[in-house]
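Structural overview for review
Residues per chain are reported as follows:
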Amino acid sequence: MLIAAALAGSAANAQPAAPPASPQGGPGGLCNAPCDPYPDVKKLLIVADVQSGYHHNSINHTMAVLEQLGRKAGVYVTFLRTDSQMITKGPITVTSARYARGNTNIRNLNYFDAVMILGSGEGTMSEAQKADLLSFVREDGKGLIVGHAQGINFYNWPEWGVMIGGMMASEYPATGMYAKVKDSAWRSAAAFGRKSFLWKDQWPVLTPVFKRGDVHTIIELDAGRMTPEQVKRAGRSDGYFPIVWAKSYGKGRVFNMTGGHNDALLDDPKTQALYLEGIKWALGLVDHDVTPDQ
């Protein structure tokens, strides 16, 4: 009887068990902010802010292809945006009265490991946002990936051209040109072969200030197979025509794929593999020697 009473008293005074902690949910799993639904996965922010510039048809497809590349490879998760709101290190506020008290599930640059820019024109970023993007790459050692036509993006922001490696003066027709691999240490580039090949896309004519030593070339136009009209359009006689390159910017990594005008190029498995390797390098998942060209 005494034992039974003691057990009953003990049960009455016991505290209820704490509920189990809510799981993070794994990649893409359900959880409430501010938990991370993608723990231990690299994060890529793709921003296609074209409000102030040309609306390239290829931008939509590029965003879709790269989002799927990351998911299928299990390497990174992509956040797709058509505004530059998240390119900031500061707090982000919203105008909706419903969310005026916070808990808006908004993340800024601190959440991401790399950013890809696919806009055109002058862009909508403030000077503070531009400074934050430069710092994100240069001081924080994060990644930047840029795609087709980025050499005419932010043309009134000189440091952008320095960071990405070079700006466009014009462009060649989208029918394509002959290219060749310069650095076969990039395994995805080596897959294009040792011989010159016709790469059907629209490639940039870089400005005269672009010079050898600014970037590390991965794939270049084959100067020996350029037509007289193409040579004239290029406006340079040094035979230096990079079209896919990598470079360091401070502590950060910049991968520039200047093609992507044609959907067929973006659908080519070899091009996708090249993009994937470039993104992995920008994310710091693989290493490459990106010593500037000599």
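A short tour of the structure in this document, coming up.

Here is what the cut-offs are and how they apply
- Residues numbered from 1 in each chain as written.
- Predicted model: local features only at pLDDT ≥ 70, side-chain atom pairs only at ≥ 80, totals over all residues.
- Heavy atoms only, no water.
- Patch = residues over 30% accessible without salt bridge, like charges linked within 9 Å, V, L, I, M, F, W, Y side chains within 5 Å.
- Areas by Shrake-Rupley, 256 points an atom, 1.4 Å probe, with all protein chains shown as cover.
- Salt bridge = Lys/Arg side-chain N within 4 Å of Asp/Glu carboxyl O.
- Helix = DSSP H or I, 4+ residues; strand = E, 2+ residues; numbered from the N terminus.
- Buried < 20%, exposed > 50% of the residue type's maximum accessible area, 1.4 Å probe, protein only.
- Expected span 1.5 Å × (residues − 1).
- Polar contact = N/O pair within 3.5 Å; in protein donor to acceptor, adjacent residues only side chain to side chain.
- Contact = heavy atoms within 4.5 Å.
- Lys, Arg positive; Asp, Glu negative; His and termini not counted.
- Phe/Tyr/Trp six-rings, centres within 6.5 Å; stacked < 30°, edge-to-face > 60°.
- Pairing = 2+ DSSP bridges.
- Right-handed = clockwise from strand over helix to strand, strands pointing away.

**Details of a nonpolar patch on the surface**
Taken together, the side chains of Val94, Tyr99 and Ile106 make up a nonpolar region of the molecular surface, amounting to roughly 220 Å² of accessible area. Relative to the helices and strands, Ile106 resides in the loop between β2 (76-81) and β3 (114-117). On the accessibility criterion, Ile106 (30% relative accessible area) is partly exposed.

**Notes on helix α8 (residues 269-282)**
With 14 residues, α8 should cover 20 Å at 1.5 Å per step; its first-to-last C-alpha distance of 20 Å lies within 8% of that length. When α8 is considered as a whole, its buried residues turn out to be Thr271, Leu274, Tyr275, Leu276, Glu277, Gly278, Ile279, Trp281 and Ala282. Measuring from the backbone nitrogen of Lys270 back to the side-chain oxygen at the start of α8 gives 2.9 Å, which picks out Asp268 as the cap. Looking one or two places after α8, you find Gly284, whose phi comes out positive at around 80°.

**A few points about the side chain of Asp113**
Its location among the elements puts Asp113 in the loop between β2 and β3. Take Asp113: its relative accessible area is 18%, and that puts it in the buried class. Among the polar contacts listed, one links the side chain of Asp113 to the backbone nitrogen of Lys43, at a separation of 2.8 Å. Not counting residues within four places of it along the chain, the set of residues in contact with Asp113 comprises Val41, Lys42, Lys43, Phe136, Lys142, Gly143 and Leu283.

**So, the side chain of Asp222**
If you trace the backbone, Asp222 turns up in the loop between β9 (216-221) and α6 (228-234). It is Lys180 that comes nearest to the buried, bridge-free Asp222 among opposite-charge side chains, at 4.2 Å. In this structure the side chain of Asp222 is engaged in a polar contact, spanning 3.0 Å, whose partner is the side chain of Ser196. A polar contact is formed between the side chain of Asp222 and the backbone nitrogen of Gly224, at a distance of 3.1 Å. If sequence neighbours within four positions are ignored, Asp222 has contacts with Tyr178, Ala179, Lys180 and Ser196.

**Concerning the pattern of salt bridges**
This structure, assessed with the given rule, holds 11 salt bridges. Across the salt bridge formed by Glu67 and Arg71, the nearest N and O atoms sit 2.4 Å from each other. Remark: Arg71 and Glu67 occur in helix α2 (residues 58-73); sequence separation between them is 4 residues, near one turn of the helix. Given a relative accessible area of 13%, Glu67 falls into the buried group.

**Details of unusual backbone geometry**
If you check the backbone angles, Asp40 has positive phi at about 65° while not being a glycine. Among the structural elements, Asp40 can be located in the loop between α1 (2-13) and β1 (42-47). The exposure class of Asp40 is exposed, given its relative accessible area of 84%. Phi angles above zero are rare outside glycine, and Ala149 is one such case at about 70°. Residue placement: Ala149 occurs in the loop between β4 (143-146) and α4 (158-164). The class of Ala149 is buried, set by a relative accessible area of 2%.

**Concerning the packing of aromatic side chains**
Following the criterion strictly, the structure yields 16 aromatic pairs and no others. Here Tyr38 and Phe79 contribute two aromatic rings whose centre-to-centre distance is 6.2 Å and whose plane-to-plane angle is 80°, an arrangement assigned as edge-to-face. Remark: Phe79 occurs in strand β2 and Tyr38 occurs in the loop between α1 and β1; sequence separation between them is 41 residues. Note on accessibility: Tyr38 and Phe79 belong to one class, buried.

**Observations concerning helix α3 (residues 127-138)**
Between its first and last C-alpha atoms α3 spans 16 Å; for 12 residues at 1.5 Å apiece the expected length is 16 Å, and the two agree. Every buried residue of α3 is listed here: Gln129, Lys130, Asp132, Leu133, Leu134, Ser135, Phe136 and Val137. Its buried side turned inward, α3 meets β3, β4, α4, β10 (242-249) and β11 (252-257).

**A short note on the environment of Lys130**
Within the secondary structure, Lys130 sits in helix α3. By relative accessible area, which is 8% here, Lys130 ends up buried. Distance in space between the C-alpha atoms of Lys130 and Thr88 is 8.2 Å, their sequence separation being 42 residues. Apart from the residues within four sequence positions on either side, Lys130 is in contact with Met125 and Trp157.

**Quick word on the pairing of β3**
Residues Ala114 and Met116 line one face of β3 and the alternating positions Val115 and Ile117 line the opposite face, and both faces are buried. Inspection of the sheet shows β1 paired to β3 by 4 bridges, in the parallel sense. Bridge pairing in β3 links Ile46 to Met116. Sheet analysis places β3 next to β4, joined by 4 bridges and oriented parallel. What sits directly across from Val115, in β4, is Leu144. For the handedness criterion, the β-α-β arrangement of β3, α3 and β4 is classed as right-handed.

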